[in-house]
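# Breakdown of the fold
One-letter residues, chain by chain:
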Amino acid sequence: MSATAKPCLEIRSLSAVLANGQRVLRSVSLAVQPGEVRALVGESGAGKTMIGKAVLGVLPKSVRIVEGEMIIEGEDLGRLDAKARRTLIGARTALIPQDPLTALNPSRRIGPQMTDRLVRILGWSGDRADSRIRQLLDEVQIRDPERVLKSYPHELSGGMRQRVLIAAAFAAEPRLIVADEPTTALDVTVQKQILRLIAELQRDHGTAILFVTHDLGVVAKISQKVSVLYAGKVVEEAATVDLFASPQHPYTRALMLATPRYTDPYASLKPVDETVLAGLAAEIAAADQAWRPSHG
Amino acid sequence: MDKARTSSRRTSPRLWLAGGWLLLALLAAILAPLVAPQDPLAQDLMLERLPPFWLDGAEPGYWLGTDSLGRDLLSRLIFGGRIAFIVAFAAAASACLIGSALGLIAGYFGGWADRIISRVVDIWLAFPPVLFAILLVAVLGTGLSSVIIAIAVIDWTRFCRVIRAEAMSQARMDYVESARIAGYGRMGIMLREVLPNVLPSVVALLSLEMGIAVIVEAILSFVNLSISTDDPTWGGMIAEGRLSIHQAWWVLVFPLTTLILTVLCFSQFGEGLKARFDPVLR
Amino acid sequence: MAEPLFSVRGLQVALPDMTRKPLIGRAPLAEILKGLDFDLPKGSVTGIVGESGSGKSTLGRALVRLIEPSAGAISFEGHDIGHLSEAELRPLRRDLQMIFQDPMSSLNPRHTIFNIIAAPLRQNGLSDGLKERVGEALQRVGLPQNFAGRYRHELSGGQRQRVGIARALALSPKFVLADEIVSGLDVSTQAQILTLLEKLAVEMGLTVAFISHDLSVIRRLCRQVIVMREGRIVELSATDALFDNPKETYTRDLLAAIPLPEIDADWLRPKAPA
């Protein structure tokens with residue numbers, strides 16, 4: 001990747017608050033280069049899912065962005081009107097959701113649900129959408145596409161549903177995919193297959209992925225870059241290889257020691273040290289002290 | 001993760017507005033002999049169809065005007081409120097007790113108890129309620145207690161259905177299993193773990209049912225099947241008002257408004273109470 | 001070796017399959033556990049591992065007799081408890097305790113923490129000195145005393161799970177079933193809860209069945225591991241033997257599927273054809 005290439009997604013100093021004024025994103029900056037997987041890792045409340053939602057423009061009403069820019073392939077989302085923004089997000093991005101069951105409409109067959117997006121949003125013809133979907137189902141190694149396309153969501157296994165959603169996400173050749181904990185609900189053996197699929201399709205299609213996860217193990221396997229989040233703040237960002245070789249932030253180190261490793265049981269599963277948490281609290285407080293929303 | 005914070009514990013204005021009106025109406029009904037400006041039964045043909053106080057021709061002391069027999073509307077509304085509230089409390093409480101108990105048993109115990117209770121509810125729901133009520137009162141004879149019995153007998157199913165569904169979802173909670181692990185018997189679990197969690201719904205339904213009882217009583221009065229025709233009731237007043245709508249709209253409009261407002265306040269009060277209980281759950 | 005606390009022979013469990021229930025009549029039975037044999041040695045922690053549908057939770061619920069086996073014997077201290085009635089089980093309950101997966105759903109939102117922890121004590125005739133006993137239980141799991149007056153929604157996930165542990169251990173039981181007790185928690189909290197359970201199991205001499213879908217969390221905690229798949233035991237080994245030298249292909253696949261937090265460029269490559 002050349003350094004001059006335009007990033008696929010760039011987030012600059014993004015801050016968001018709840019209705020009661022509490023900050024949930026704290027000047028988050030990150031970039032995803034074309035064709036790269038960036039992991040967003042953090043524990044619950046870290047705001048990792050919220051960043052994904054902000055990019056896709058689907059933040060809940062209770063969350064308000066007060067500062068910052070989100071730029072998709074050079075286009076500043078903040079400068080577009082609502083309709084142009086939706087069109088841009090619809091054409092260039094896609095989502096692989098956490099829970100494949102609630103992401104699919106239970107009362108409609110898989111086939112029409114998959115082609116809908118291509119036909120309605122991108123204006124493809126029905127035939128073109130149909131053949132594209134079949135091609136993608138083949139890529140995600142679904143052997144009997146006829147049966148799957150005719151099925152209702154509850155008739156498929158969890159892994160199968162996730163394959164369908166991955167196929168749907170890649171179908172429109174988005175430049176950026178937000179993968180929101182896509183394997184958290186799955187068994188480990190299925191998780192491995194799904195991660196492998198995502199990695200393969202990502203490489204073949206050259207898609208950039210913003211990969212939201214709580215699992216450092218998954219981060220190590222799937223991503224090239226990583227941002228570690230705590231309480232809506234990026235506490236460390238690095239190339240994945242470097243992060244695992246020499247984590248810089250105390251929280252990252254603590255997180256790594258807390259993550260279970262059956263190969264080394266006595267050097268893992270270590271509770272996070274109180275001083276690390278105190279340090280984080282101080283860091284957050286200092287950041288909030290210095291922060292003034294630009295228009296507030 | 002944000003839900004807990006956004007559903008803060010605001011006191012809702014609807015709870016206070018609805019509660020305020022109900023309290024006012026209730027006090028007026030209890031203290032009717034003291035607060036009613038006139039005798040609600042006193043007829044005076046000299047004073048027939050007096051308009052309310054802000055229109056020409058109104059008489060002082062007859063704030064809301066009079067009906068075609070010259071009886072004071074405000075006083076009749078206040079006395080009619082007594083019947084309305086007695087029916088509301090007695091009928092709703094009976095329906096609530098029967099329905100909630102059966103619903104709790106059906107939902108928590110399941111099995112045969114559930115099958116039998118649910119079938120009975122299904123059969124009950126197949127009857128058109130108003131016809132059912134009229135039929136019952138016709139059989140039991142008119143009178144206050146018949147009206148109360150009729151409403152309770154018809155409307156217990158409303159409690160039963162809702163409480164059954166809630167008890168069923170409660171029965172699946174881990175704290176129910178946990179109570180078994182702690183050594184509680186089924187009855188103990190039902191009362192200790194399940195009941196407190198369905199109580200907010202019971203309260204909300206109870207309030208809603210009071211409103212419905214007021215309506216049903218009004219309907220029965222309207223078709224002259226409630227209590228003796230001499231005693232003022234809101235339904236009876238509406239029936240009479242209907243006859244003189246072209247000469248004196250107020251004879252119809254005031255009891256109708258009072259009825260609608262009271263029923264609305266009952267349902268809003270119930271919802272408000274439930275919402276006030278609920279933030280604990282998240 | 002001493003007599004095991006639990007000795008399970010030919011355990012079968014069949015439960016009604018609601019997805020195949022006909023419009024009229026009973027749901028057909030689905031075999032969940034298809035004949036299990038194993039022992040739980042006194043004072044040790046046994047891991048029970050499997051993916052969804054393996055029957056591990058059903059097995060746990062049969063051990064604490066929340067469900068009744070359809071065949072086979074569950075002997076607890078030498079007595080078959082498999083077919084005791086609810087009333088006959090009651091005196092045994094204080095020795096058969098359970099910590100639940102989801103502390104949100106296992107704590108009643110309308111009871112204070114005090115009442116939640118006091119419930120098993122009251123029900124088992126230990127009502128005197130309730131305050132001290134509850135206080136002790138809170139202290140044991142590292143929660144401050146003033147938590148007694150709080151409600152579930154005022155606690156964090158890790159604190160809730162501590163309450164779940166305090167409740168299960170309040171009676172000083174002989175056996176505790178821990179059903180996926182860390183799967184809903186953040187890694188940092190996960191480590192705390194596991195360390196706590198490890199410490200208490202040793203201190204109180206507990207026999208624990210630790211159910212998990214995740215092999216990676218159980219190595220340090222467990223003396224032996226039962227790997228389950230589709231209602232059967234695939235492998236039962238001492239923990240180190242299982243991790244260092246798994247006998248069964250399925251166990252090896254499970255281990256290989258765990259994404260360790262370390263760089264491994266080959267991990268996602270498709271398996272080379274054998």
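Residues numbered from 1 in each chain as written. Chains lettered and ligands numbered in written order. Predicted model: local features only at pLDDT ≥ 70, side-chain atom pairs only at ≥ 80, totals over all residues.

### With respect to the interface of chain A and chain C
Our working definition: Two residues qualify as a contact pair if the distance between their C-beta atoms, derived from the backbone, is within 7 Å. By the criteria applied, helices consist of DSSP H or I runs no shorter than four residues and strands consist of E runs no shorter than two, each listed in order from the N terminus. Ten residue types, Ala, Val, Leu, Ile, Met, Phe, Trp, Tyr, Cys and Pro, are classed as nonpolar, four, Asp, Glu, Lys and Arg, as charged, and the remainder, Gly among them, as polar.
Counting from both sides, the interface comprises 34 residues of chain A and, opposite them, 29 residues of chain C. Looking at the side of chain A that touches chain C, the elements that each hand over two or more residues are helix 7 (188-205), helix 8 (216-222), helix 9 (240-245) and helix 10 (250-258) of chain A. Among the residues making up the side of chain A that touches chain C, the classes are represented as 19 nonpolar, 7 polar and 8 charged.

### Section: the environment of Ser29(A)
Residues and elements named next belong to chain A. Quick reminder of the rule: Working definition of burial: number of other C-beta atoms within 10 Å of the residue's own, with buried at 20 or more, exposed at 12 or fewer, and partly exposed in between, all C-beta atoms being placed from the backbone.
On the secondary structure map, Ser29 appears in strand 2 (residues 23-32). Residue class for Ser29 comes out partly exposed when judged on the 14 C-beta atoms lying within 10 Å of it. Separated by 41 residues in the primary sequence, Ser29 and Met70 have C-alpha atoms spaced 9.3 Å apart. What Ser29 contacts, discounting residues up to four positions off in sequence, is Ile11, Arg12, Ser13 and Val234.

### Some points on the interface of chain B and chain C
At the interface, 18 residues of chain B touch 21 residues of chain C. Mapped onto the side of chain B that touches chain C, the elements with two or more residues apiece are helix 8 (174-182) and helix 9 (186-222) of chain B. Among the elements that line the side of chain B that touches chain C, the one with the most residues is helix 8 of chain B, at 8 residues. Along the lines of polarity and charge, the residues of the side of chain B that touches chain C split into 10 nonpolar, 3 polar and 5 charged.

### Let's talk about the UniProt feature "transmembrane region" (unreviewed entry) in chain B
To keep things clear, this is the line we draw: UniProt positions are given in the numbering used here, feature names are shortened, and annotations may be inferred rather than shown by experiment.
As recorded in UniProt, the feature "transmembrane region" (unreviewed entry) lies at residues 86-110, 130-154, 194-227 and 247-266 of chain B. The straight-line gap between the two end C-alpha atoms of residues 194-227 of chain B is 40 Å; of that span, 85% is helix and 0% is strand.

### A word on unusual backbone geometry
Backbone geometry at Glu73(A) places phi at a positive 45 degrees, although glycine is not the residue there. Summarising the element assignment, Glu73(A) is placed in the loop between strand 4 (63-72) and strand 5 (75-76). A residue is classified by how many C-beta atoms lie within 10 Å of it, and Glu73(A), with 15 of them, is partly exposed. Positive phi, close to 45 degrees, is recorded for Glu230(C), a residue that is not glycine. Topologically, Glu230(C) is positioned in the loop between strand 9 (224-229) and strand 10 (232-238).

### Quick look at the packing of helix 4 (residues 126-139) of chain A against helix 6 (residues 158-171) of chain A
Residues and elements named next belong to chain A. As a reminder of what qualifies: Lines fitted to the C-alpha atoms define the axes, with helices restricted to the stretch that makes contact. Angles between their N-to-C directions range from 0 to 180 degrees. When describing relative orientation, an angle under 35 degrees is termed roughly parallel and one over 145 degrees roughly antiparallel, while 65 to 115 degrees is termed roughly perpendicular and anything else oblique. Put simply, a crossing is left-handed when the front helix is turned counterclockwise from the back one by less than a right angle, and right-handed when it is turned clockwise.
Contact geometry of helix 4 with helix 6 gives a least axis separation of 9 Å together with a crossing angle of 130 degrees. Looking at the two axes, helix 4 sits oblique to helix 6. By crossing handedness, the relation of helix 4 to helix 6 is classed as right-handed. Here helix 4 contributes Arg132, Ile133, Leu136, Leu137 and Glu139 to the contact with helix 6, which in turn contributes Ala167, Phe170 and Ala171. Residues of the contact of helix 4 with helix 6, tallied by class, amount to 6 nonpolar, no polar and 2 charged.

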